[in-house]
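Architecture and fold: a report
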Amino acid sequence: MISKGGNQMLMQHVDGENKGKIVLFALSTCGWCKKTRMLLEDVGAEYDYVYLDLLQGDEKQEVIQQVKKWNPQLSFPTMVINDKETIVGFNEDKVREILG
């Protein structure tokens, strides 16, 4: 997903069990985003996340383009699993089904 140059710096990493590549696009002020992060930690999954609202300029535009590829509505949270499955919004059942 976001792999060019120093852009990995945008992502914050949370340690846990490797349940695939999990990337969470979120807003720092979003309650559903916070619930999704808590759910990921509850299932013990390792993941990376980025708060779009804390970015500026080119970095922000680049992340917006990434999110739009997975979720054209640009709503949050948007979670991408293994670069193929997308979960938009807080969906505890689907997260638990996929990640156990």
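What you see is a predicted model; the values in this text were computed from it and never measured.

Basis of the calculations
- Residues numbered from 1 in each chain as written.
- Predicted model: local features only at pLDDT ≥ 70, side-chain atom pairs only at ≥ 80, totals over all residues.
- Heavy atoms only, no water.
- Salt bridge = Lys/Arg side-chain N within 4 Å of Asp/Glu carboxyl O.
- Helix = DSSP H or I, 4+ residues; strand = E, 2+ residues; numbered from the N terminus.
- Pairing = 2+ DSSP bridges.
- Right-handed = clockwise from strand over helix to strand, strands pointing away.
- Axes fitted to C-alpha atoms, helices over the stretch in contact; angles between N-to-C directions.
- Contact = heavy atoms within 4.5 Å.
- Buried < 20%, exposed > 50% of the residue type's maximum accessible area, 1.4 Å probe, protein only.

As for the pattern of salt bridges
Per the stated rule, a full pass over the model turns up six salt bridges. Note that Asp83 and Lys21 form a salt bridge whose closest N and O atoms lie 3.2 Å from each other. One end of the pair, Asp83, is in the loop between strand E4 (78-81) and strand E5 (85-88); the other, Lys21, is in the loop between strand E1 (12-14) and strand E2 (22-26), and 62 residues separate them in sequence. It is possible to trace a salt-bridge network through shared partners that takes in Asp42, Glu92 and Arg96.

Observations regarding the pairing of strand E3 (residues 47-51)
Looking at chain direction, E1 and E3 are connected through three bridges and run antiparallel. Looking across to E3, one finds that His13 is bridged to Asp48. In this structure, E2 lies alongside E3, joined through four bridges in parallel fashion. Looking across to E3, one finds that Leu24 is bridged to Tyr49. Handedness of the E2-helix H1 (residues 31-42)-E3 crossover: right-handed.

Focus: the sheet that holds E4
With mixed pairing, five strands are arranged side by side in an open sheet as E1-E3-E2-E4-E5. Strands at the two margins of the open sheet, each flanked by one partner only, are E1 and E5. Averaged over all neighbouring strand pairs, the angle between strand axes comes to 20 degrees, with direction disregarded. Here H1 sits on the sheet in contact with E1, E2, E3 and E4, set at roughly 160 degrees to E2.

Description of the pairing of E4
On E4, burial covers both faces: Thr78 and Val80 on one face and Met79 and Ile81 on the other are all buried. As paired strands, E2 and E4 are joined by four bridges and run antiparallel to one another. From the neighbouring strand, Phe25 faces E4, where its bridge partner is Thr78. Pairing between E4 and E5: four bridges, direction antiparallel. Of the residues in E5, the one forming a bridge with Thr78 is Val88.

So far we have only geometry, and geometry alone does not tell us how the molecule works.
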